[in-house]
Amino acid sequence: SFFLFGSSFAHSANMDSLNKKSTKYEIEVSGDFFLNSNALTNQFTTAFYTGKFIDNTLKDNVVKKLKYSNRFGGDANTGITFTASPDTRNVSWSVSLRNRQHIDGIFSRDLFKTAFYGNKIFAGQTADLGNFNMNMLLYQQLHFSLFFEGDSSSPSYGWGISLLNGQQWLNVDVDRADLFTSEDGKYIDLALSANTHMSDTANKSFPAHNGFGISFDGVYEIPYVTWNNTAVLSVEMFDLGFISWNKNTMNSQVDSTYHYQGIEIDNLFTLGGTVLPQYNKDSILSKNVKLKKESDFVYTPAIFRVRTSTQYGKKFIFEKGIG
């Protein structure tokens with residue numbers, strides 16, 4: 001995905017910029033996606049995403065990798081970019097329109113086991129389902145950038161600014177979720193403390209406008225020579241910004257304990273209104289969950305990188321860095 005971010009500027013992060021002539025005008029259509037985790041395997045993720053049957057082998061392979069705290073994250077981006085180099089002073093500008101999707105989160109070992117194996121394996125024990133956080137973000141980006149291309153003895157640099165349209169946002173933060181299952185399986189106890197933020201659920205389809213934001217990009221490249229090979233030291237920043245969500249954003253908080261004993265049925269042939277308890281969804285929510293609508297604020301996922309690129313001949317580039 002770094003290659004897409006790099007296209008924020010006309011020739012940024014490209015070793016060829018040291019010795020090539022820029023094209024006058026260029027239109028680029030791009031798309032990329034990635035999904036990564038320290039525990040979820042490719043086979044498990046593919047089966048889950050495509051709705052295929054998840055057998056014990058797929059689940060067991062994930063369990064082998066699980067730690068107390070596990071991470072996952074991903075991005076999917078599509079866009080179109082117009083770049084122009086109107087003169088011979090190595091100055092170019094570009095404008096882009098992109099659709100950005102992001103997800104990241106952490107989850108516990110016990111949460112995965114309970115979700116995919118059931119709570120029977122925790123009979124007589126307390127499963128720690130807390131330490132869970134998930135952040136999902138969908139927004140559109142109108143991006144403008146200006147890039148000044150140097151040569152083998154002078155630096156290249158550029159900056160960019162983006163206007164953001166917030167379409168959807170969901171953040172779930174579960175600080176505590178202790179689930180106790182009785183040894184005989186007759187009851188469960190749940191101690192839950194959680195906070196959820198969600199953009200307007202009645203307005204989520206494209207081109208929904210639930211928030212507005214701004215982000216900034218910047219890049220600085222210093223050329224140098226190492227062992228008679230041309231190289232570039234790059235310092236880069238992408239998507240440093242925020243989105244302010246409107247007053248229809250839902251904020252829900254819960255900090256309660258729950259005890260559930262199930263339903264006892266003495267005779268299947270005498271089921272009636274007195275056997276099955278009548279629950280009112282609204283009354284349950286009002287009693288246990290604090291709900292309010294208010295404007296909210298979230299930072300966009302940003303990237304900072306420092307890296308070097310060394311060109312060996314005309315076909316090979318060796319790159320290293322941290323970000």
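Scroll up to find the structure.
Residues numbered from 1 in each chain as written. Predicted model: local features only at pLDDT ≥ 70, side-chain atom pairs only at ≥ 80, totals over all residues. Heavy atoms only, no water.

1. Comments concerning the packing of aromatic side chains
So, step 1. By the definition in use, this model includes 14 aromatic pairs.
So, step 2. A centroid spacing of 6.3 Å and a plane angle of 15° characterise the contact between Phe44 and Phe48, whose relative ring orientation is stacked. Taken together, the residues Phe44 and Phe48, both in helix α2 (residues 42-50) and four residues apart, mark about one turn of the helix.
So, step 3. Classification of Phe44 as buried rests on a relative accessible area of 4%.
So, step 4. Given a relative accessible area of 54%, Phe48 falls into the exposed group.
So, step 5. Aromatic side chains Phe44 and Phe112 sit 5.5 Å apart centroid to centroid with 55° between the ring planes, which places their arrangement in the tilted category. Of the two residues, Phe44 is situated in helix α2 and Phe112 in helix α4 (residues 109-117); the sequence distance between them amounts to 68 residues. Each of the two residues, Phe44 as well as Phe112, counts as buried.
So, step 6. Here the guanidinium or amino end of Lys59 rests over the ring plane of Tyr117, the centre of that ring lying 4.9 Å away. (Phe/Tyr/Trp six-rings, centres within 6.5 Å; stacked < 30°, edge-to-face > 60°. Helix = DSSP H or I, 4+ residues; strand = E, 2+ residues; numbered from the N terminus. Buried < 20%, exposed > 50% of the residue type's maximum accessible area, 1.4 Å probe, protein only. Lys NZ or Arg CZ within 6 Å of the ring centre and 35° of its normal.)

2. Considerations on the side chain of Thr41
So, step 1. Mapped onto the elements, Thr41 comes out in the loop between β1 (25-37) and α2.
So, step 2. The class of Thr41 is buried, set by a relative accessible area of 11%.

3. Points about helix α3 (residues 56-63)
For the α-helix, the turn length of 3.6 residues means that residues three or four positions removed from each other point alike.
So, step 1. Every buried residue belonging to α3 is among Leu58, Lys59 and Val62, and all of these are buried. What you see down the axis of α3 is that its buried residues fit within an arc of 95°, all on one side.
So, step 2. Of the surrounding secondary structure, the elements contacted by the buried residues of α3 are α2 and α4.
So, step 3. Capping the start of α3, Asp55 holds a side-chain oxygen 3.2 Å from the backbone nitrogen of Thr57, two or three residues further along. (Arc of directions from axis to C-beta. Contact = heavy atoms within 4.5 Å. Polar contact = N/O pair within 3.5 Å; in protein donor to acceptor, adjacent residues only side chain to side chain.)

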